[in-house]
Number of protein chains: 2
Amino acid sequence: MSTEQNLYDAFTGEAKAAVRLTAYARKAEEEEYEAIAKLFRAVSASESIHAYNNLRLLKEIKDTETNLQEALASEQKIAAVAYGKFIAEAEAEGKEAAATMFSYARDVEDRHAKLYEMALQHLVADEVPDYFVCSVCGYVADGAVPDKCPICGAPEDKFFAVE
Amino acid sequence: MSTEQNLYDAFTGEAKAAVRLTAYARKAEEEEYEAIAKLFRAVSASESIHAYNNLRLLKEIKDTETNLQEALASEQKIAAVAYGKFIAEAEAEGKEAAATMFSYARDVEDRHAKLYEMALQHLVADEVPDYFVCSVCGYVADGAVPDKCPICGAPEDKFFAVE
């Protein structure tokens, strides 16, 4: 029993480390420590592999249709429940930056849910779409980059293509 | 006070989602759902941005020297404490695959600590090194790809270069 919990704790810790290290890499780039930025990216990739290995042993990766359904259910729950509460609490505490960021995240999660619903309806696509992600708020555009982000208003040069 | 905790919880949840979705993307590729694999990669990139935005508002990204010191302290703690306990418990429960994976992870974290120590000694590098990561266990090689991974024994074609 404890190994199950340990795998889950290790998955969580490694996933957090992977993100934290990419944030450190961005900071190192800003400060022009190129070699250290690259080291942080390398270790972040390593921690992502560890997180993945834990998840695999937890047998939480199912077939693609099930994964899509679970991803959709998760987005719907997060958008409706968690972020709604977070936004209300941030507003009550006068934390404007956090309230705005939570609100962008909620709207973006809503959009993810719609993209998953479309994917579930057409599990086998005729062609692979182009996706572009807003680097400010995470909005996912399909087909083409919008003139500006419909969620946060960022200009089109803030979008990057997904490979 | 609750906004601080909410930022932390959102950081954790988004970081876990980002890793989970890359795992789903790998599975979708295996099952030849190319369009869905790309959608999972797009949403994973989006969740990584959300996780980053939470971390930024938590003010947990310091200057690069401090970030390096914190990353080093974190690796030392994880390698010595958490994984040691996880390995012992997995062995006691007869969970061989988990014991092996935890043991690889511990050794790799040890290696990360050494790389951070070297980076702290030479904060400004003369040149940016090449790093190669073992896709099986996460081992980080610098300079060149080894003939086989010194941690898990994977052959050289399992390594990828860090950009």
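Residues numbered from 1 in each chain as written. Chains lettered and ligands numbered in written order. Predicted model: local features only at pLDDT ≥ 70, side-chain atom pairs only at ≥ 80, totals over all residues. Heavy atoms only, no water.

### Some remarks on the confidence of the model for chain A
Across chain A, the average pLDDT comes to 95, with 99% of residues at or above 70. Both scores are available for the predicted complex, with the pTM at 0.95 and the ipTM at 0.96. (pLDDT = per-residue confidence, 0-100.)

### Considerations on the domain arrangement of chain A
When its domains are assigned, chain A resolves into domain 1 (2–57), domain 2 (63–127) and domain 3 (129–163). Once you take the C-alpha centre of each, domain 1 of chain A and domain 2 of chain A turn out to be 23 Å apart. (Domains from an automatic or database assignment.)

### Some remarks on the pattern of salt bridges
Residue and element names in this part refer to chain A. Under the definition given, this model contains 18 salt bridges over all chains. For the salt bridge of Arg111 with Asp142, the shortest nitrogen-to-oxygen distance reads 3.2 Å. With Arg111 in helix 4 (residues 96–121) and Asp142 in strand 2 (residues 140–142), this residue pair connects regions lying 31 residues apart in the sequence. Taking the relative accessible area as the measure of exposure, Asp142 reaches 36% and is therefore partly exposed. (Salt bridge = Lys/Arg side-chain N within 4 Å of Asp/Glu carboxyl O. Helix = DSSP H or I, 4+ residues; strand = E, 2+ residues; numbered from the N terminus. Buried < 20%, exposed > 50% of the residue type's maximum accessible area, 1.4 Å probe, protein only.)

### Observations regarding the relation of the copies chain A and chain B
Structural alignment of chain A on chain B gives an RMSD of 0.0 Å, achieved by rotating through 180° and translating 0.0 Å along the axis. The two molecules are tied by a two-fold rotation axis, judged by turn and shift. Closest approach to the rotation axis among the C-alpha atoms of chain A is made by Ala15 of chain A, whose C-alpha sits 2.7 Å away. Take the interface residues of chain A: 100% of them recur as interface residues in chain B, which is what a same-surface contact looks like. (Least-squares fit on C-alpha atoms with pLDDT ≥ 70 in both. Contact = heavy atoms within 4.5 Å.)

### Description of the sheet that holds strand 1 (residues 131–134) of chain B
All names here are of chain B. The strand order across the open sheet built from three strands is 2-1-3, with neighbouring strands paired in antiparallel fashion. This sheet does not close on itself; its edge strands, each paired only once, are strand 2 (140–142) and strand 3 (159–161). Adjacent strand axes in the sheet meet at a mean angle of 30°, parallel and antiparallel pairs treated alike. Where strand 1 lies against strand 3, three bridges are found, and the strand directions are antiparallel. (Pairing = 2+ DSSP bridges. Axes fitted to C-alpha atoms, helices over the stretch in contact; angles between N-to-C directions.)

### Observations regarding unusual backbone geometry
Unusually for a residue other than glycine, Glu32 of chain A sits at a positive phi of about 65°. Among the secondary structure elements, Glu32 of chain A is positioned in the loop between helix 1 (2–30) and helix 2 (34–57). Take Glu32 of chain A: its relative accessible area is 66%, and that puts it in the exposed class. Notably, Lys59 of chain B is not glycine yet its phi reads approximately 55°, a positive angle. Within the fold, Lys59 of chain B resides in the loop between helix 2 (34–57) and helix 3 (64–92). Residue Lys59 of chain B is classed as exposed on the basis of its relative accessible area of 65%.

### Regarding the interface of chain A and chain B
Facing the 89 residues of chain A at the interface are 89 residues of chain B. Summing the contributions of chain A and of chain B, the shared interface buries around 7,500 Å²; its carbon and sulfur component is 66%. Our count for the contact surface shared by chain A and chain B stands at four salt bridges. Here Lys38 of chain B makes a salt bridge to Asp130 of chain A, at a shortest N to O gap of 3.7 Å. Where chain A touches chain B, the interface holds 32 residue pairs in polar contact (both at pLDDT 80 or more). Listed by contribution, the elements that provide at least two residues to the side of chain A that touches chain B are helix 1, helix 2, helix 3 (64–92), helix 4 and strand 1 (131–134) of chain A. Looking at the side of chain A that touches chain B, its residues break down into 52 nonpolar, 13 polar and 24 charged. (Buried area = accessible area lost by both parts, 1.4 Å probe. Polar contact = N/O pair within 3.5 Å; in protein donor to acceptor, adjacent residues only side chain to side chain. Nonpolar A, V, L, I, M, F, W, Y, C, P; charged D, E, K, R; others polar.)

### Examining the sheet that holds strand 1 of chain A
Read from one edge of the open sheet, three strands run 2-1-3 (chain A), paired in antiparallel fashion. Edge positions in the open sheet fall to strand 2 and strand 3 (159–161) of chain A, since each of these has one partner strand only. Between one strand axis and the next, the sheet turns through 30° on average, direction left out of account. The sheet strands contacting helix 4 of chain A are strand 1 and strand 2 of chain A, and the helix crosses strand 2 of chain A at an angle near 35°. Sheet strands touched by helix 2 of chain B: strand 1, strand 2 and strand 3 of chain A. Its angle to strand 1 of chain A, the strand with the most contacts, is close to 5°.

### Let's talk about the nonpolar core
Of all hydrophobic cores here, the largest spans 65 residues; its most connected members are Phe40 and Tyr116 of chain A together with Ile36, Phe40 and Tyr116 of chain B. The contact partners of Tyr116 of chain B, leaving out residues within four places of it in the chain, are Leu21, Leu39, Phe40 and Val43 of chain A together with Leu68, Ala71, Leu72 and Glu75 of chain B. Leu57 and Leu58 of chain A together with Ala99 and Phe102 of chain B belong to the second-largest nonpolar core, a separate cluster that totals 13 residues. (Core = buried A, V, L, I, M, F, W, Y, C linked by side-chain atoms within 4.5 Å.)

### What about the side chain of Glu14 of chain A?
Structurally, Glu14 of chain A can be placed in helix 1. The buried charged residue Glu14 of chain A lacks any salt bridge, with Arg20 of chain A as its nearest oppositely charged partner at 11 Å. Every residue in contact with Glu14 of chain A, bar those within four places of it in the chain, is listed here: Glu47, His50, Ala51 and Asn54 of chain A together with Tyr83 and Glu109 of chain B. (Lys, Arg positive; Asp, Glu negative; His and termini not counted.)

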